[in-house]
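# An overview of the molecular structure
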Amino acid sequence: MRKSMKKFTALFSGTIAFLFLSLTAMAQHPVSGKLTDKDGNPAIGVTVQVKGTTIATKTANDGTYKINAPSANGQLIFTSAEFGQSQESINGRAVVDVTGLIKKTEELAVVVAYGTRKKSDLTGAVTAVSAKDFQKGNIASSEQLLQGKVPGLQIVSGGGFAGGGSKIRIRGGTSLTASNDPLIVIDGIPVEGNGIGKAENVLNTINPDDIESMSILKDASATALYGSRAANGVIIVTTKKGARGKVKLNFNTKVSVGTVPKYVDVLTGDEVREIVNANAVATGDNKFKALLGEENTNWQKLIYQSAMGYDNNLSASGTIEKVLPFRASVGYLNQEGVLKTDKFKRFTSSLNLNPKLLDDHLSINVALKYANTNTRKANDGAVGTSISFDPTQSVTSSSTKYGGYYEWLNTDGTPKSVGRNPLAMLNYVNNTFDVNRFIGNAQLDYKLHFFPDLHVLFNVGVDATHVTGNDRTDSTFAGSYIDKGYFKENQEKKRNTLTDIQLFYAKDIPSIKTRVDVLVGHGYQEFITNTFNYYAFNQKGDTLDKANKPKPNDKPQFNMESYLGRINLTVNNKYLLTASLRRDASSKFSKENRVGYFPALAVAWKLRDEFFRNTPAVSDLKLRFGWGITGQQDGIGNYEYLARYVNAPRVYYQFGDEYVANVRPARYDPNLTWETTTTTNLGLDFNFLRNRISGSIDFYTKKTKDLLFEVDVAAGSNFSNRLLTNIAKLENKGLEFILNTIPVQTDNFSWNLGGNISYNKAKVITLNNLPGDTKPVLIGGIGIGGGFIGVLKPEYAPNSYNVFQQVYDPATGKPLEGVLDDGDRSGNLGEEDKKIYKKPAPDVLLGFNTSVDYKKWSLGFAGHGSIGNYLYNQYRADNSSIVSLLNTQYTTIGNTYAKYRDADFLNPTRDQKLSDYFIENASFFRLDNINLGYNVGKINNGKATLRTMFSVQNVFVITKYKGLDPEISSNEGIDNNIYPRPRVYTLGLSLDF
């Protein structure tokens, strides 16, 4: 009986076990899929595990995997040292693909002040743009790589000059009379300003092909570690470095051609003759008729050209002898401007060395960059003259007195004091300058052997620039007939040296789930400028204007000594705190005001890890708040605080043939200090579906006090009736939003779509710190009888237009000529009758980009725009009547708008030209770039890889503005004489071997 029971028990147990295993097998849910990174490459060796079980597998070499899950509603966990850990819900699916995985090392690419941070750990408003996202095409100046890519960043090129610079603004301007340019930091060296001598743009000395990434620091919590120079934001430029591995070479070349997309619509020679002849009949005055020529000369088409450009770059990177990672490059750019005689050439070279020694405890980074640029800057006065010069005349004249060019002459054969022949202006005026720039620094980062949590970093660097140039005017040029030619040498040198030492301490404290890293540092930076002053000579070598003897060579210099500290706390990987303080002492100020303190505090909360840890769709969600104080000292001269004597301009005593300069006491304010800006920022970063949808939104306020401003002072209280001092206040408020999406991503096809929008409102709070004082300050002189078009006034935006109001016919809606609103009904128009109307700065900035990749093909578009900005169309104001055609003062014939006869005024008065009628809406959208690329792949028996590209820049502009271009760099918003931006077609090849 007992044996029978054992057999029955064994049979029963076996049956139950068989049924259980069968049910288990029936309940298993097979899952397969593929893992790829953000570039579409397979993720190899990733562990795939069913959550809560020991069931696991690894991805194969093509990124695929297969696994049997116990349930169709379970979750898969993906883990690797390269990509970290993530998870995905099965939700009944048989195929679970994961795309867009980001390598952990790639998260460290966001460069911030004095270090790097993971994007997920940032507490400040920082936007990083890497090389793959830069603007495409023929880019000569590095700041233009960022056009339309960053919310709140405005980049306006100064026209079409070859190698020309740009106006750069981050979240609007924070100054009224000082610089509004951001601080530029290149490989750890803060560089001074954006111009030296005749070189208005020194950013074009940095080869865009050498740049790895650019970080834009916007709020004070991100910029405060740069203290007294960071009120306008910071742009950190990081160049490409070497990597471990065999040596690889890259050669890329571009050839481009630029054309003028649009000309000002002016009258032809035939149309001018028709008008002049009709005027002679109507008035009985034939003096202008007698001046008519027989040509139909289009001066605009004569001064412009198809501009060729060539850009070649060769780089090598890898490891020498397995211990010395390096990258070396050389580049040569030769670019013409669309305005004839405008040329820009640049040679660049760079060397980056990045060895690690002492068992990787000592990291050495050496970055050396040299550039030589040679510029012939065309006489852009020819741009304005080409649209106002007589189109009935031929280019040349039978007389060879002025080089054979046609000119307006008096009866005695001397040139009249009117516009010159545009081609003569280009060919006989030759202004050139040559820039040699060296930027080099060495960083030693030592991780102590006996205390590896502590790093010591020592950084020394130099930025040295030498500019030489010559201004020449040919003696046969009509504009030089009095002096018989002109020659003047220009020379300037700048040297910026830097010495930094910093201590970094980082420690994980598992017991309280906290990570802490601390930075303390000391820095000393010195700036020296040597300006050489020379006489001007004529063609014969005679000294010009002996009475205006050049002042002695200048050697102004200033220095800064700084102490800084920062602490970052990460608690439970969810709560982030950043606190920093910088102490700056600047020699630009008196001892009493020399030291300034610039604190900042920021906190962040990782909402994803707090509330959505088990929600795979939420990859990142973080709330940020930051506060801080930054400064600005660029607008202050080196000795403005000091009682001193200076050369009195054009005041000399003559002793024989010698002229001895007089000196006079200069104005000064011993209480001068830097402008300071307090910024608050509230932001939200988000990332959904593993980078398929990502972006951020930020709200900010910036309040600037102690703004530099010139004020009237009582007679005898200083050595001038105008004094530069700290008095005004300014406020900026704004909103920024950026969104990047990947709507489609498969093995062979992907589509990226992104955009950004920002809103900024600025207003002047006070101009002299006296409550209730609303006295305006006129700015923006436009040369119309000494008139001013702009104003600074409390409660209004800086540089707002201050104009008369045009009166319109109530029946027809047309403006009444000579009728303006007399606001106070006094019967006399005066400044008190002007009203503030619109402003030059935009309310809204827009950026847009999209790209499609299909197998080996890629296609991309990028554009930017603005809303709410207005321009004073001075050309239209000056050239909307017959007066601009028939010059009665000098008895010459000019030119004017082709539709001037359809204009509302026959002869607008001076006051009418200063009215709101000529303030025009300059909102626009510009399609910056269309680019098409093809990856040819392996060539030369697999020894090299070839890629090709074609792009079009400045494709089109949508705007209501009636002028040539709605986007100008003038802070005052006056459109008078713009060098047109070219449309550029570029073909490029890139070869890796």
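Let us look at the structure shown here. Here the structure is a predicted model, which means the values were calculated and not measured. (Residues numbered from 1 in each chain as written. Predicted model: local features only at pLDDT ≥ 70, side-chain atom pairs only at ≥ 80, totals over all residues. Heavy atoms only, no water.)

## Looking at the overall build of the protein chain
Looking only at helices and strands, the protein chain features 9 helices and 54 strands. Counting the 993 residues in the protein chain, one finds 49% classified as buried. Taking all contacts inside the protein chain whose residues are at least 6 apart in sequence as the whole, residues at least 24 apart take part in 69%. In the structure as shown, the protein chain presents an accessible area of about 45600 Å², 56% of it carried by carbon and sulfur atoms. (Helix = DSSP H or I, 4+ residues; strand = E, 2+ residues; numbered from the N terminus. Buried < 20%, exposed > 50% of the residue type's maximum accessible area, 1.4 Å probe, protein only. Contact = heavy atoms within 4.5 Å. Areas by Shrake-Rupley, 256 points an atom, 1.4 Å probe, with all protein chains shown as cover.)

## Thoughts on empty space enclosed by the protein
Over the atoms rolls a probe the size of a water molecule, and its path tells where empty space is left. Applying the stated criterion to the full structure yields 8 cavities of 30 Å³ or more. Reported here for the largest cavity is a volume of approximately 600 Å³. What lines the largest cavity is a set of 36 residues, and nearest its centre among them are Asn138, Gln144, Ser157, Gln953 and Pro982. Put simply, the parts of the chain that give the lining of the largest cavity at least two residues each are strand E17 (248-259), strand E18 (307-320), strand E19 (324-336), strand E51 (924-939) and strand E52 (944-959). Tallied by class, residues from the lining of the largest cavity come to 10 nonpolar, 20 polar and 6 charged. In terms of lining residues, the second largest cavity is bounded by 17 residues, among which Val112, Ser221, Ala222, Arg566 and Thr578 are the most central. For the lining of the second largest cavity, the secondary structure elements donating two or more residues are helix H2 (220-223), strand E29 (557-571) and strand E30 (575-586). The residue inventory of the lining of the second largest cavity, partitioned by class, reads 8 nonpolar, 6 polar and 3 charged. (1 Å grid on protein atoms, 1.4 Å probe; cavity = no way out; pocket = protein on both sides within 12 Å on 5 of 7 lines; lining within 4 Å. Points joined across faces, edges and corners; volume = space filled by probe spheres on them. Nonpolar A, V, L, I, M, F, W, Y, C, P; charged D, E, K, R; others polar.)

## Topic: the sheet that holds strand E15 (residues 211-217)
The strand order across the open sheet built from 5 strands is E10-E15-E16-E13-E14, with neighbouring strands paired in mixed fashion. Each of the sheet's edge strands pairs with one partner strand only, and the pair in question is strand E10 (126-130) and strand E14 (189-191). When the angles between neighbouring strand axes are averaged without regard to direction, this sheet yields 20 degrees. In this structure, strand E13 (residues 183-186) lies alongside strand E16 (residues 234-239), joined through 4 bridges in parallel fashion. In the sheet register, Ile184 faces E16, and the bridge partner there is Ile235. (Pairing = 2+ DSSP bridges. Axes fitted to C-alpha atoms, helices over the stretch in contact; angles between N-to-C directions.)

## Structural notes on the pattern of salt bridges
In the structure shown here, the tally under the stated rule is 35 salt bridges. Arg171 is paired through a salt bridge with Glu736; the nearest N and O atoms lie 2.8 Å apart. Highlighted residues: Arg171 in the loop between strand E12 (166-170) and E13 and Glu736 in strand E37 (residues 722-745), separated in sequence by 565 residues. Neither Arg171 nor Glu736 differs from the other in exposure class; each is buried. The salt bridge involving Asp285 is made with Lys287; its shortest N-O contact spans 3.8 Å. Shared partners join several salt bridges into a network, and the residues in it are Lys622, Arg624, Asp685 and Asp698. (Salt bridge = Lys/Arg side-chain N within 4 Å of Asp/Glu carboxyl O.)

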